[in-house]
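Observations on chain architecture
Listed below, chain by chain, are the residues.
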Amino acid sequence: MFVMELTYTAPVEDVEEEMDAHIAWLDGYYAAGIFLASGRKVPRDGGMILAGGVSRREIEKIAAGDPFTVAGVCAYRITEFIATKTSADLATVRESPEF
C-alpha cells in the first residue's frame, strides 16, 4: 500500500486551474480500485492519497500522470507500507509481511 503525499509547488490559484482535470484523474483510479481515500492537507498546502494493489513502479507512473504533476504545480512523496491491520471496510487490502 502507498501513501502519496502531494505538496503544492505553485500558488493555490495555479493549482485550482488544474483541479477539474485532477479530479477526473482521481475518479479514474478510484474506478480502477487503486485509490482508497484522498483529500486536502490542513493547512491547504497539498493533499494525500491512499492507494494499493499496484507496484512501486506503477504508483510512480500514476503520480507522474497526475495533471497537477504535468502542470508542474505539485511534487509527490510516496511512502510504501504493509497494511497488516485495517478496519473491516479495508479488509480486502490487508497484507502479510514478508519476513
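Here's what I pulled together on the structure shown here.

Analysis parameters
Residues numbered from 1 in each chain as written. Predicted model: local features only at pLDDT ≥ 70, side-chain atom pairs only at ≥ 80, totals over all residues. Heavy atoms only, no water. Core = buried A, V, L, I, M, F, W, Y, C linked by side-chain atoms within 4.5 Å. Buried < 20%, exposed > 50% of the residue type's maximum accessible area, 1.4 Å probe, protein only. Helix = DSSP H or I, 4+ residues; strand = E, 2+ residues; numbered from the N terminus. Contact = heavy atoms within 4.5 Å. Pairing = 2+ DSSP bridges. Axes fitted to C-alpha atoms, helices over the stretch in contact; angles between N-to-C directions.

Before going further, it helps to spend a moment on the nonpolar core. Counting residues in each nonpolar core, the largest one holds 20 residues, and the members touching the most others are Met4, Phe35, Ile49, Ile59 and Phe68. Listed by contribution, the elements that provide at least two residues to this core are β1 (2–8), α2 (19–31), β3 (46–51), α3 (56–64) and β4 (74–80). At four residues, β1 tops the list of elements feeding residues into this core. With sequence-adjacent residues up to four places away left out, Phe68 is seen in contact with Leu6, Tyr8, Val15, Glu18, Met19, His22, Val73 and Cys74.

Where burial is concerned, the two faces of β1 differ: the one with Phe2, Met4, Leu6 and Tyr8 is buried and the one with Val3, Glu5 and Thr7 is not. In the sheet, β1 pairs with β3 via six bridges, with the strands oriented antiparallel. Looking across to β3, one finds that Thr7 is bridged to Gly46. In the sheet, β1 pairs with β4 via seven bridges, with the strands oriented antiparallel. Bridge pairing links Leu6 to Tyr76 in β4.

Read across the open sheet, the four strands follow the order β2-β3-β1-β4; overall the sheet is antiparallel. Of all the strands in the sheet, the pair left with one neighbour each is β2 (35–40) and β4. With direction set aside, neighbouring strand axes in the sheet form an average angle of 15 degrees. Against the sheet, α3 contacts β1, β2, β3 and β4, and its axis sits at roughly 160 degrees relative to β4.

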